[in-house]
Amino acid sequence: MQVQVLSPVLIAVSLGSMQPWTADAWRSLPARQQPAWPADGQLAEVLAQIAALPPLVTSGEIAELKSQLAAAATGERFLLHGGDCAESFEGCRSSSITNQLKILLQMSLVLTHASRKRVVRVGRFAGQYAKPRSIEVETRGGVSLPTFRGDNINRPEFTQEARTPNPQLLLRGYERSALTLNFIRALVDGGFADLHHPEQWNLDWVVHSPLAAEYKRMVDAIGQGLQFMETLAGVRVHQMQRVDFFTSHECLVLDLEQAQTRQVPRRSGWWNLSTHLPWLGARTGAINEAHVEYLRGIENPIGIKVSSDRTAADLVALCERLNPQRESGRIVLIHRMGAHQIAATLPPLLHAIMRAKVPVLWVCDPMHGNTETVVVQRGEQGAVPVKTRKFAHILAELEQAFEIHAAAGSILGGVHFELTGDNVTECLGGARGLVESDLARAYHSSLDPRLNYEQALEMALLVARRM
Ligand code: PEP
Ligand code: CO
């Protein structure tokens, strides 16, 4: 007879008493979505290098974000979370970064103006280089190779060499995250985000947009408001001059996350210093598995993707595991139900969380539940299936989310979009009425379809009207 020996962590978990946390205890639990790194010692060498490099963010910034998220949870602030589904090494360019920053700034200006709340800006950037995948292996013409898992892991070309996970890419990703952050910090410090000069955020191609006039009216009104306040106070509105940007990425490759998990002088606890807001995916979200075990011990706020298949009991248990002290600002629940499901699937979760009295910040991601596949003609390739999302469905989910939260007596404290500042054609609809045949023109995403600049700004204007 075989005797199964449980690890100490599994025993503690099954007994309901949690062991003291260590940064590597996740290793004794099942860890999903981890790359099959070659067993040649390179990974350990790379991780040791990353662990010795300076961190990307500081514990002080993380603590600041946590307090801002706590304020969003009670409706005092509003969270705008946005960026790419997957960042690429190629996309680490000054134009893409500034365009991304511009659209997030414009959207937050619109949201601030409408809601009279300070907006917390979190970008899905500077580290969003690894993706969970639903298949391990991709087969083409009888050849099977490991699936592409993001630029941190392997490369998309369909060859054995490109698809073999390469630990050196983790270092390249860490460096690009640092380059991205360095540029963003320099732009912000140099006055790029100064509210007195929102004209700096205009993107060339959008001057003729049907939305330009509405946006300009709003900017003018804000400018006048600023002037009025400054005349009254006799000083420049310094507080409003500077805005902060925080970063986030999915906490997926645990070796990498652990390498950047540190203790810091004068603060207690362990901090993941690779990002301000790591988040937990659906495929890695089982309560007794490695990702949850790792996340429960770090001090960062934690985002959790909540799709329509999460049960209320499961969600409450997860929040309690990750936030036993019931600390405000610690948990961000990002629901992604789909326009057709949200009315049925969201209310039970809201009620269960309220009954359990776990403080959470609720955020609506109206993108991921509304993905569909259409077939488009793509030059030589002929008819190919393409993932897209309809602007109308995205908006419909968002509008329902506001209503459902209001009806339940809970607070929708933020929104989460997949967007880009570039002129892509990946989502259908919007003011310019993009149709299926437009998808072939400028579809650049390697994964999920993003709102382009104009669609994102329009979404913000429509949400603003609603607020
Ligand atoms: C995402 O969050 O961008 C995403 C694609 O999520 P998932 O793969 O977990 O559905
Ligand atoms: Co996505």
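Residues numbered from 1 in each chain as written. Chains lettered and ligands numbered in written order. Predicted model: local features only at pLDDT ≥ 70, side-chain atom pairs only at ≥ 80, totals over all residues. Heavy atoms only, no water.

Draft legend 1. Representation of the overall build of the chain in the model. A tally of helices and strands in the chain yields 14 helices and 14 strands. Taken against the 2.2 N^0.38 rule, which gives 23 Å for 467 residues, the C-alpha radius of gyration of the chain at 22 Å falls within 12% of a compact globule. Residues classed as buried in the chain amount to 56% of the 467 residues present. Taking the intrachain contacts of the chain between residues at least 6 apart in sequence as the baseline, contacts between residues at least 24 apart amount to 75%. Accessible surface computed for the chain: about 20,100 Å², of which carbon and sulfur atoms make up 53%. When the 46 basic and 47 acidic side-chain charges of the chain are each reduced to a single mean position, those positions are 3 Å apart. (Helix = DSSP H or I, 4+ residues; strand = E, 2+ residues; numbered from the N terminus. Rg over C-alpha atoms; globule rule 2.2 N^0.38 Å. Buried < 20%, exposed > 50% of the residue type's maximum accessible area, 1.4 Å probe, protein only. Contact = heavy atoms within 4.5 Å. Areas by Shrake-Rupley, 256 points an atom, 1.4 Å probe, with all protein chains shown as cover. Lys, Arg positive; Asp, Glu negative; His and termini not counted. Charge placed at Lys NZ, Arg CZ, Asp CG, Glu CD.)

Draft legend 2. View of the sheet that holds strand β2 (residues 118-124). Pairing is parallel in the closed barrel, where 8 strands are placed in the order β1-β2-β5-β8-β9-β10-β11-β14. Between one strand axis and the next, the sheet turns by 30° as a mean value, whatever way the strands run. By the bridge criterion, 2 bridges tie β2 to strand β5 (residues 246-250) in an arrangement that is parallel. Directly across from G123, in β5, lies its bridge partner T247. Each of β1 (77-83), β2, β5, β8 (277-280), β10 (331-336), β11 (361-364) and β14 (412-418) touches helix α3 (residues 59-73); the most contacted strand, β1, lies at about 120° to it. Contacts from helix α4 (residues 94-115) reach β1, β2 and β14, with the element oriented near 155° to β1. (Pairing = 2+ DSSP bridges. Axes fitted to C-alpha atoms, helices over the stretch in contact; angles between N-to-C directions.)

Draft legend 3. Structural detail: empty space enclosed by the protein. Counted under the stated rule, the structure contains 1 cavity of 30 Å³ or more. Within this model, the largest cavity holds a volume of roughly 130 Å³. If you trace the largest cavity, you find 17 residues lining it, with G127, N152, H249, L256 and E257 closest to the centre. Contributing elements (two or more residues each) for the lining of the largest cavity: α6 (168-189), β5 and α9 (254-259). Per-element tally for the lining of the largest cavity: the top contributor is α6, with 4 residues. The residue inventory of the lining of the largest cavity, partitioned by class, reads 8 nonpolar, 7 polar and 2 charged. (1 Å grid on protein atoms, 1.4 Å probe; cavity = no way out; pocket = protein on both sides within 12 Å on 5 of 7 lines; lining within 4 Å. Points joined across faces, edges and corners; volume = space filled by probe spheres on them. Nonpolar A, V, L, I, M, F, W, Y, C, P; charged D, E, K, R; others polar.)

Draft legend 4. Main features of the coordination of the cobalt ion (ligand 2). On the protein side, the cobalt ion (ligand 2) has C85 (SG), H368 (NE2), E418 (OE) and D448 (OD) as donor atoms, found 2.0 to 2.4 Å from it. One chain supplies every donor for the cobalt ion (ligand 2), spaced along it as C-x282-H-x49-E-x29-D. In this pair, H368 sits in the loop between β11 and β12 (371-378) while E418 sits in strand β14, placing the two residues 50 residues apart along the sequence. Exposure remark for H368: the relative accessible area of 18% places this residue in the buried category. (Donors = N, O, S within 2.8 Å, 3.2 Å for Na, K, Ca; no water.)

Draft legend 5. Molecular detail of the site of ligand 1. Around ligand 1, the surrounding shell consists of C85, R124, K131, P132, R283, K305, R336, H368, E418 and D448. Between an oxygen atom of ligand 1 and a side-chain N or O atom of R283, the distance comes to 2.9 Å. Between R336 and ligand 1, the recorded distance is 2.8 Å, taken from a side-chain N or O atom to an oxygen atom. Across the complex, the protein chains shield 88% of the 290 Å² of accessible surface that ligand 1 would expose by itself. Its atoms largely coinciding with the cavity grid, ligand 1 occupies the largest pocket. Grouping the constituent residues of the shell around ligand 1 by class yields 2 nonpolar, 1 polar and 7 charged. (Near = heavy atom within 4 Å. Polar contact = N/O pair within 3.5 Å; in protein donor to acceptor, adjacent residues only side chain to side chain. Sits in = over half its atoms within 2 Å of the grid points.)

Draft legend 6. Representation of the nonpolar core. Ranked by internal contacts, the top residues of the largest apolar core, which has 104 residues, are I304, L322, L333, I353, W362, F417 and L451. Core analysis: the second largest hydrophobic core is formed by 12 residues, L69, F246, L277 and V363 among them. (Core = buried A, V, L, I, M, F, W, Y, C linked by side-chain atoms within 4.5 Å.)

Draft legend 7. Here's a closer look at unusual backbone geometry. Of note, the phi angle at Q33 is positive, near 65°, even though the residue is not glycine. By the element assignment, Q33 lies in the loop between α1 (8-15) and α2 (42-52). Its relative accessible area of 13% is what places Q33 among the buried residues.

Draft legend 8. Seen up close, the pairing of β11. Going residue by residue along β11, you find L361 and V363 tucked away on one face and W362 and C364 tucked away on the opposite face as well. Two elements, β10 and β11, share 4 bridges in a ladder whose sense is parallel. Residue pairing in the sheet places L333 in a bridge with W362 of β11. With respect to chirality, the unit in which β10 leads through helix α12 (residues 342-356) into the neighbouring parallel β11 is right-handed. (Right-handed = clockwise from strand over helix to strand, strands pointing away.)

Draft legend 9. Structural context of the environment of E175. Relative to the helices and strands, E175 is located in helix α6. Accessibility expressed as a relative area gives 35% for E175, which makes it partly exposed. Taking the C-alpha atoms as reference points, E175 and L56, separated by 119 residues in sequence, lie 9.5 Å from one another.

Draft legend 10. How the structure looks around the pairing of β10. Most of β10 sits out of view: 6 of its 6 residues are buried. The two faces of β10 match: I331, L333 and H335 on one face and V332, I334 and R336 on the other face are all buried. Pairing analysis gives 6 bridges linking strand β9 (residues 302-307) to β10, with the strands arranged parallel. Along β10, the bridge assignment pairs S307 with R336. In this fold, the crossover linking β9 to β10 by way of helix α11 (residues 312-322) has right-handed handedness.

Draft legend 11. Seen up close, the layout of surface pockets. Taken as a whole, the largest pocket holds about 1,300 Å³ of empty space. As for the largest pocket, its lining consists of 37 residues, and the residues nearest its centre are R133, K387, S446, L447 and D448. Looking at the lining of the largest pocket, the elements with two or more residues in it are β3 (137-140), β9, β12 and β13 (382-389). Take the lining of the largest pocket: its biggest share by element is 5 residues, from β13. Classifying every residue of the lining of the largest pocket gives 11 nonpolar, 11 polar and 15 charged.

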